[in-house]
Amino acid sequence: PSNDCNFPLCPVDILNKIENIEGELDSMRKNIEDEINCSYDIKICPDGSDVIRNPDNDCKFDLCYNCFREIEECPDGSYVVRNPENFCEFDVCPQVVCPPDVKECDD
């Protein structure tokens, strides 16, 4: 016959098997959580996309790389770009320090 001449399982035996399977699943879930060891948080990026914590990077959020590829010219003539680590804001321009000048006027 289809069950190799074994008696069907009693309801109690079925419940025990289910409990054993559930226990094994809980153990597997715990092992996965222990291995990853990051909370499951989601960070919403400025463009509306999202990133999660990265277990390969000390559980820090992955970067939002979807910043617009824009550049901004600074007063000193250098350029800065949008920074994904700063919510796609432009990096700060270098501070312009003017040397002390002397200008002679014709009076």
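Refer to the structure presented above.
Here's a quick rundown of the structure. Owing to the predicted nature of the structure, the values given are computational and were not obtained by experimental measurement.

How each quantity is defined
- Residues numbered from 1 in each chain as written.
- Predicted model: local features only at pLDDT ≥ 70, side-chain atom pairs only at ≥ 80, totals over all residues.
- Heavy atoms only, no water.
- Helix = DSSP H or I, 4+ residues; strand = E, 2+ residues; numbered from the N terminus.
- Buried < 20%, exposed > 50% of the residue type's maximum accessible area, 1.4 Å probe, protein only.
- Contact = heavy atoms within 4.5 Å.
- Areas by Shrake-Rupley, 256 points an atom, 1.4 Å probe, with all protein chains shown as cover.
- Polar contact = N/O pair within 3.5 Å; in protein donor to acceptor, adjacent residues only side chain to side chain.
- Phe/Tyr/Trp six-rings, centres within 6.5 Å; stacked < 30°, edge-to-face > 60°.
- Lys NZ or Arg CZ within 6 Å of the ring centre and 35° of its normal.
- Pairing = 2+ DSSP bridges.
- Salt bridge = Lys/Arg side-chain N within 4 Å of Asp/Glu carboxyl O.
- Patch = residues over 30% accessible without salt bridge, like charges linked within 9 Å, V, L, I, M, F, W, Y side chains within 5 Å.

When its secondary structure is counted, the protein shows one helix and six strands. Going through the 107 residues of the protein one by one, you find that 10% of them count as buried. Intrachain contacts of the protein at a sequence separation of at least 6 include 5% that bridge at least 24 residues. Only carbon and sulfur atoms are counted for the fraction: they give 53% of the accessible area of the protein, which is about 9600 Å².

Its place among the elements puts N83 in strand 5 (residues 79-83). One polar contact links N83 to D91, side chain to side chain, over a distance of 2.8 Å. Ignoring any residue separated from it by four or fewer positions in sequence, one finds N83 in contact with C67, C88, E89 and D91.

Turning our attention to the packing of aromatic side chains. Taken as a whole, this structure holds zero aromatic pairs when the rule is applied. The ring of F61 is capped by R53, whose NZ or CZ atom sits 4.2 Å from the centre of that ring.

Across three bridges, strand 1 (residues 42-44) lies against strand 2 (residues 50-54) in antiparallel orientation. Looking at strand 2, one finds that K43 is bridged to V51. Here strand 2 pairs with strand 3 (residues 60-61) via two bridges, running antiparallel. From the neighbouring strand, R53 faces strand 3, where its bridge partner is F61. Two successive antiparallel strands, strand 2 and strand 3, enclose a turn made up of five residues, where D58 displays a positive phi of approximately 55°.

Our next topic: the pattern of salt bridges. Per the counting criterion, the structure on display carries two salt bridges. Note that R53 and D41 form a salt bridge whose closest N and O atoms lie 2.9 Å from each other. Note that R53 is positioned in strand 2 and D41 in the loop between helix 1 (11-36) and strand 1, a separation of twelve residues in sequence. Across the salt bridge formed by R82 and E70, the nearest N and O atoms sit 2.5 Å from each other. Taken as a pair, R82 in strand 5 and E70 in the loop between strand 3 and strand 4 (71-73) lie far apart in primary sequence, twelve residues in all. The exposure class assigned to R82 is partly exposed, which follows from its relative accessible area of 23%.

Taken together, Y40, I42, I44 and I52 make up a surface patch of nonpolar side chains, about 440 Å² in accessible area. For I44, a relative accessible area of 56% gives the class exposed.

Within the open sheet, the three strands sit side by side as 4-5-6. Their pairing is antiparallel. Of all strands in the sheet, those with a lone pairing partner are strand 4 and strand 6 (89-90), marking the two edges. Both strand 4 and strand 5 contribute to a ladder of three bridges, which runs antiparallel. Residue pairing for strand 5: I71 is matched across the bridge by V81.

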